[in-house]
Amino acid sequence: MKLENLSEFDRRCLEEAIQLGWKGDSRVHPNPRVGAVIAKEGEVIGRGWHRVRGEAHAEIDAINQSQSSLDGATVYVSLEPCDHHGRTPPCTERLLKEGVGRVVFAMADPGPGQGGAQRLREEGVEVIGPVDSPSAKRLLAPFLTHTTKNRVHLTMKWAMTLDGRIALGSGDSRWVTSQESRVHAHRVRSQVDGIMVGAGTVLADHPSLNVRHELDGPDPRPIIWDPKGRLNSKNVEETWWQSMLEREAIIVSDQGESSFLEVLPWNDGEGFSEALLERGFHHVLVEGGAGLLGTFLDLGLGDDALVYLAPKVCGGKDSLSPVGGVGVSKMDLAYGLKEMEVMPLGPDLLIQGSFE
């Protein structure tokens, strides 16, 4: 079913449920981020989301937050309610116990035999779904990549000016985007369990790669792309190395070993995202620099893009662009985005999409 075919109230409640799912952070992995809204007689009586793996799913969290009987109520949820025993009991059992009369969900559960829509229908519950929603697809994309492709989901992220610049020729880049965009970017960091940068970024900035701006969320594990072994021959600040060690960071390289961190062979990216999954990663934010982003695009490793666009123009032939690599030979071979969403962030625009 298409989202626009729902009533205005149903659509508004389902969209709110999807947005609530974004409140979940990397502590839910490998579970999906899911949000839920419960309504009765035209009023919302409960809201919830999945907060930590092993704890209540979104539907149960919403039930626990509701202040009245759920008899005959409608539950809106971004993912089909589960019907299997895992770390928690099936959500279908609780929904039936509470007397829920109707369930509207966005995306079907990709796990074979795990979705509960059929059982709910058999028990007399009206079920509407799956409902086609680009927002739900974006929310659940990392879970789908993990579940259906058995690999890590890779999000390419950069910030740039209207003329496609990330820094001046002098190297000055503070700040390309607004405070609102930077806060959003750090919220995204809290939602991934890995953050990847190139050796050039490390040598130039000694980045902290953590979650700041007073946001509550775990810091992602750093992944340092260093195929040429540049960090082995450079004097990288010892306190920076120590902070990376404490966060179980890894180096990706084909050049020797590190006395500090685990080294994952690069092998021109062959089997790279699968190897990350074996090491406990599920969703990795690839932040650059240009060489890293370009290489990933050249190899087709990126799943989606997160681009912050500032209403500024730098000019200058020496100003830096966000993506390097070999690139394409013809315009019709350019890397395209599908299922795009654009939203304002202060004076900036956030552009999101999946690579075709």
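Above this text sits the structure in question.
Attention here is on the structure that accompanies the text. What you see as residue numbers is a count from 1 along each chain, following the sequence as written. Selection of residues for local features in this predicted model requires a pLDDT of at least 70, selection of side-chain atom pairs for listing and counting requires 80 or more, and totals for whole chains, interfaces and linings are taken over all residues. In computing side-chain values, all of the structure's heavy atoms are included and hydrogens and water are not.

A count of helices and strands for the protein chain gives 10 helices and 14 strands. Its C-alpha atoms put the protein chain at 65 × 45 × 40 Å along the principal axes. Exposure is judged per residue with a 1.4 Å probe applied to protein chains only, and the accessible area is read against the type maximum: over 50% gives exposed, under 20% gives buried, and values in between give partly exposed. Residues classed as buried in the protein chain amount to 51% of the 356 residues present. Contacts spanning at least 24 positions in sequence make up 72% of the contacts within the protein chain whose residues lie at least 6 apart. Working definition of accessibility: Shrake-Rupley area with a 1.4 Å probe, residue cover restricted to the visible protein chains. Accessible surface, the protein chain: about 16700 Å² in total, of which carbon and sulfur atoms supply 47%. Numbering of helices and strands starts at the N terminus; helices are DSSP runs of H or I of at least 4 residues and strands are runs of E of at least 2. Residues are treated as being in contact if the distance between any of their heavy atoms lies within 4.5 Å.

So, about the pattern of salt bridges. When a carboxyl oxygen of Asp or Glu is within 4 Å of a side-chain nitrogen of Lys or Arg, the pair counts as a salt bridge. One pass over the full model with this rule turns up 16 salt bridges. In this structure, Arg-12 engages Glu-8 in a salt bridge whose closest nitrogen and oxygen atoms are separated by 3.9 Å. Taken together, the residues Arg-12 and Glu-8, both in helix H1 (residues 8-21) and four residues apart, mark about one turn of the helix. Judged by relative accessible area, Arg-12 falls into the partly exposed class, the value being 45%. When its relative accessible area of 56% is taken as the criterion, Glu-8 is described as exposed. Residues Arg-102 and Asp-10 are paired through a salt bridge, measuring 2.5 Å at the closest nitrogen-oxygen approach. Of this pair, Arg-102 sits in strand E4 (residues 102-107) while Asp-10 sits in helix H1, placing them 92 residues apart in sequence. By the burial criterion, Arg-102 is buried, and Asp-10 matches it. One salt-bridge network, in which partners are shared between bridges, spans Asp-10, Arg-102 and Glu-126.

Moving on to the sheet that holds strand E14 (residues 348-355). Should DSSP find at least two bridges between two strands, the strands are taken to pair. With respect to topology, nine strands assemble into an open sheet ordered E10-E9-E8-E7-E11-E6-E12-E14-E13, the strand pairing being mixed. Strand pairing shows two members of the sheet lacking a second neighbour, strand E10 (262-264) and strand E13 (337-345), which therefore form its edges. Looking at each pair of strands side by side, their axes are set apart by 25 degrees on average, direction ignored. Note that strand E8 (residues 221-225) and strand E9 (residues 250-252) share three bridges and pair parallel. Considered in E9, the bridge of Ile-223 is made with Ile-250. Note on geometry: axes are lines fitted to C-alpha atoms, helical ones only across the stretch in contact, with angles between N-to-C directions running from 0 to 180 degrees.

Purely spatial values, then, with no claim about function.
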